[in-house]
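# A closer look at the structure
Residue-level listing of the chains:
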Amino acid sequence: MPTTLNSIAKQGANGVAMMPIIQGVGRAAIEIAAVLRGAVFRGVLGGAGSENVQGEQQQKLDVLSDEIFLEEMRSTGFVCAVGSEEQEELLVIDEYAHADYVVLVDPLDGSSNLDVDGPVGTIFSVVRRKTANSDYPHVSDTLQSGRNVIAAGYVLYGPATMLVCSVGDGVHGYTFNPSAARFELSHANIRIPAKGGYYSVNEANKSSWLDGMGDNLDRMKDETGLGMRYVGAMVADMHRTLLKGGVFLYPADNKNTTGKLRLLYEAIPMGFVMEQAGGKSMSNGIHVLDIEPEALHQRVPVYLGAAANVDSLLG
Ligand code: AHG
Ligand code: MN
Ligand code: MN
Ligand code: MN
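Rules behind the numbers
Residues numbered from 1 in each chain as written. Chains lettered and ligands numbered in written order. Predicted model: local features only at pLDDT ≥ 70, side-chain atom pairs only at ≥ 80, totals over all residues. Helix = DSSP H or I, 4+ residues; strand = E, 2+ residues; numbered from the N terminus. Buried ≥ 20, exposed ≤ 12 C-beta atoms within 10 Å, placed from the backbone. Contact = placed C-beta atoms within 7 Å. UniProt positions renumbered as here; feature names shortened; annotations may be inferred. Near = placed C-beta within 6 Å. Nonpolar A, V, L, I, M, F, W, Y, C, P; charged D, E, K, R; others polar. pLDDT = per-residue confidence, 0-100. Domains from an automatic or database assignment. Expected span 1.5 Å × (residues − 1).

Of the regular secondary structure elements, the chain holds six helices and 18 strands. In terms of principal-axis extent, the alpha carbons of the chain reach across some 55 × 45 × 45 Å. Classification of the 315 residues of the chain by burial places 49% in the buried group. Within the chain, residue pairs in contact and separated by at least 24 positions form 62% of the contacts whose partners lie at least 6 positions apart.

Attention shifts here to the UniProt feature "binding site: substrate" (unreviewed entry) in the chain. Summarizing the sequence annotation, UniProt attributes the feature "binding site: substrate" (unreviewed entry) to Asp109, Gly110, Ser111, Ser112, Asn202, Tyr230 and Lys260 in the numbering used throughout. Mapped onto the fold, Asn202 is located in the loop between β11 (198-200) and α3 (213-224). Once residues lying within four places of it in the same chain are set aside, the contact partners of Tyr230 are Ser200, Val201, Asn202 and Asp237.

Let's shift gears to the site of ligand 1. Neighbouring residues of ligand 1: 13 residues in total, closest Asp109, Gly110, Ser111, Asn202 and Met234. For the shell around ligand 1, a count of residues per class yields three nonpolar, five polar and five charged.

Moving on to the confidence of the model for the chain. Counting all residues, the mean pLDDT for the chain is 96, and 98% of those residues have values of 70 or more. For this predicted complex, the interface confidence score (ipTM) comes to 0.99, while the overall pTM stands at 0.98.

Here the focus is the domain arrangement of the chain. Examined at the domain level, the chain breaks down into domain 1 (5-187) and domain 2 (198-314). For domain 1 versus domain 2, the separation of C-alpha centres amounts to 22 Å. Listed by partner, the interface residues are 37 residues for domain 1 and 29 residues for domain 2. When contributions to the side of domain 1 that touches domain 2 are tallied by element, the ones reaching two or more residues are β5 (101-109), β6 (120-128), β7 (151-157) and β8 (161-166). Top contributing element to the side of domain 1 that touches domain 2 by residue count: β6, with five residues. Considering only residue class, the side of domain 1 that touches domain 2 consists of 16 nonpolar, 17 polar and four charged.

Attention now goes to helix α2 (residues 60-76). Taking 1.5 Å of rise per residue, the 17 residues of α2 would be expected to cover 24 Å, and the 25 Å separating its terminal C-alpha atoms lies within 8% of that figure. Looking at α2, one finds that the buried residues are Lys60, Leu61, Asp62, Leu64, Ser65, Asp66, Ile68, Phe69, Leu70, Glu72, Met73 and Thr76. Two residues or fewer past α2, Gly77 is found with a positive phi of approximately 80 degrees.

This is the structure:
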């Protein structure tokens, strides 16, 4: 019998809830993957005609993925609120407003790839609420550092749909088996290779990077001799970095002066997974997981990958 998603659940108080929450992520992933495959036939490619709080034009699939993910989190009964890239305010699940857990999500990552049938993803993390269960959930429940993350991971919608996640005891990858209609463990205990791989960055922005990062990148390229790959979807770039090694970065630049990637929906969950796989994730001179979030949609510079490469880049 193949090992299914249930194996991710740990014993103890959090494990009891992480199993249904991660199964909920798995159900959302299956639904989103199906919607992506059929999108061109159902007229759901292209813009939704709305702008999200990030100042981005929402794609119809950003909105649909957000709805699917939220509904699956609601149905677990363990989630009191969801913070989403696509929602300005914290979304409280009234029916379960006294539940213990808060989920943060980037429902569809890399949505600029949709028009060209390129890879996209979903990124999530789970924390325990800070307010009392008797209280109505508050945005302060989401403003927790990566040290409080109980579970985090991502789904990659590529040739196969993969769910890669950690509940704090290493990183495990599950591939959706369409014949059996379930996720099966395909990549147990993923560790980032210490050497090799690629550097991954939108190098076109180099002349506008802040903090002298252009010079740092040139030095790292000389020191490591790494080749370059860039998909433009953090999930795909992170996944390759995790499996092949190297470093992924999105520095601050003249346009995005505090960085582009979102702390709660992108940097913290990916930082958690990277560190659980033996890698390193840094931002503004500290570990991403040590940042104390100040706002739901806060952005930060991100440098993550094999420790030696991150050190070579930032040193
Ligand atoms: P999203 O589609 O969720 O808004 O995220 C886009 C992000 C991330 O996926 C990727 O790493 C980065 O934007 C790419 O940005 P550039 O196009 O500026 O390189
Ligand atoms: Mn977006
Ligand atoms: Mn994203
Ligand atoms: Mn997104």
